[in-house]
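Coordinates in review
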Amino acid sequence: MNFELILPLLLAWLLDLWLGDPAWLPHPVVGFGKMIAWGERHLNKGRHRMIKGAVMTILLDSIVFFCTWTVLHAISKSPFPYVNYPLFTILIFFCLAGTTLIREVREVFRAVERSLEEGRRQVGRIVGRDTSELSAQEIRTAALETLAENLSDGVIAPLFWLAVGGPAAMLTYKMVNTQDSMIGYRTERYRDFGCWAAHIDDIANYLPARLTALLMLLANGRRMSENARFVKKYARNHASPNSGWPEAALAAILDCRFGGPHYYFGQLFPKPYIGHNDRPLTTVDMKTAVRVNRMAEILAITLITLIYCLI
């Protein structure tokens, strides 16, 4: 099984580099989102919201894992086991989300150069916070924070779970992460209903987030010990136990400051800063961040391939 995943993994990564997430291609995460939205709409009301949220979260995660595993296992035992190769490639491709966000971040930097309002609209496509009052500096900061976090959530974590449990675990991780992105907020509406989704996502991302930070520092290849101390100091300055690690790594590499208070769904959430150098961010910083992301992806792919070969 591990050897059979090497070629699909490499092909899927190349497809992501080439296509990203094309709008014309049906995506399973869109289906996940519809399932979550339906469950939230019907269950997130009345009493016992925490219990109902827990049941929905665990049920959806279990359905994705066992359905995927059953289909793949059945194919492997069929007269046509080699169908697994293209199927693995497609599933891994769907779970990788590096290229699309890099394109979006580039568009944010281009848009904010044209006008502040255009920059706010563009960054609003990739962040959950209120963007209506953001300055040009805050727009660029939000885009780069999201780029760092997405490297963990959209690339390294899926690859980590692929290595641990194959395509079924990888696809289940996407359901876990999608639930967190939709209902894992500490607002009045989601605090109880989404708490299990948030906690499960925290567990699923604990190791991948720290691995992402390490890969980013290795990809940068400069001031390793100094940047490592920076990450250790500032990674905890985030509401999430995981997101602070890749964000702190990128802040260390760029020698800039991330974090601070943000508005979500009309509520102000006070957050500490990651870093201390509140310098203006530029297109050069964006290009550096993209280069680090790509190099970290290559390191992760190489690492998994070596592990598969050794196994």
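These numbers were taken from a predicted model, which means no experiment stands behind them. (Residues numbered from 1 in each chain as written. Predicted model: local features only at pLDDT ≥ 70, side-chain atom pairs only at ≥ 80, totals over all residues. Heavy atoms only, no water.)

**Thoughts on helix α4 (residues 84-95)**
- Along its 12 residues, α4 runs 16 Å from first to last C-alpha, staying within 8% of the 16 Å computed at 1.5 Å per residue.
- Three or more residues of α4 are buried, namely Asn84, Phe88, Thr89, Leu91, Ile92, Phe93, Phe94 and Cys95. (Helix = DSSP H or I, 4+ residues; strand = E, 2+ residues; numbered from the N terminus. Expected span 1.5 Å × (residues − 1). Buried < 20%, exposed > 50% of the residue type's maximum accessible area, 1.4 Å probe, protein only.)

**What to know about the nonpolar core**
- Val105, Val123, Leu144, Leu159 and Met216 are the most contacted members of the largest nonpolar core, which totals 75 residues.
- When residues no more than four places from it in sequence are discounted, the contact partners of Leu159 are Leu9, Leu96, Met170, Ala300, Ile301 and Ile304. (Core = buried A, V, L, I, M, F, W, Y, C linked by side-chain atoms within 4.5 Å. Contact = heavy atoms within 4.5 Å.)

**Overview of the pattern of salt bridges**
- Applying the stated criterion across every chain, the model contains 10 salt bridges.
- Arg189 is the partner of Glu40 in a salt bridge, and the nearest nitrogen-oxygen pair spans 2.9 Å. Here Glu40, found in helix α2 (residues 28-43), pairs with Arg189, found in the loop between α7 (136-183) and α8 (195-220); they are 149 residues apart in sequence, far enough to count as distant.
- According to the relative accessible area criterion, Glu40 is buried, its value standing at 8%.
- Glu118 is the partner of Arg114 in a salt bridge, and the nearest nitrogen-oxygen pair spans 2.7 Å.
- Residue Glu118 is classed as partly exposed on the basis of its relative accessible area, which comes to 24%. (Salt bridge = Lys/Arg side-chain N within 4 Å of Asp/Glu carboxyl O.)

**Some details on the packing of aromatic side chains**
- Per the counting criterion, the structure on display carries 5 aromatic pairs.
- Here Phe65 and Phe66 contribute two aromatic rings whose centre-to-centre distance is 5.3 Å and whose plane-to-plane angle is 85°, an arrangement assigned as edge-to-face.
- Directly above the ring of Tyr206 sits Arg210, whose terminal nitrogen or CZ lies 3.6 Å from the centroid.
- The ring centre of Tyr273 lies 3.7 Å from the NZ or CZ of Arg257, which sits over that ring. (Phe/Tyr/Trp six-rings, centres within 6.5 Å; stacked < 30°, edge-to-face > 60°. Lys NZ or Arg CZ within 6 Å of the ring centre and 35° of its normal.)

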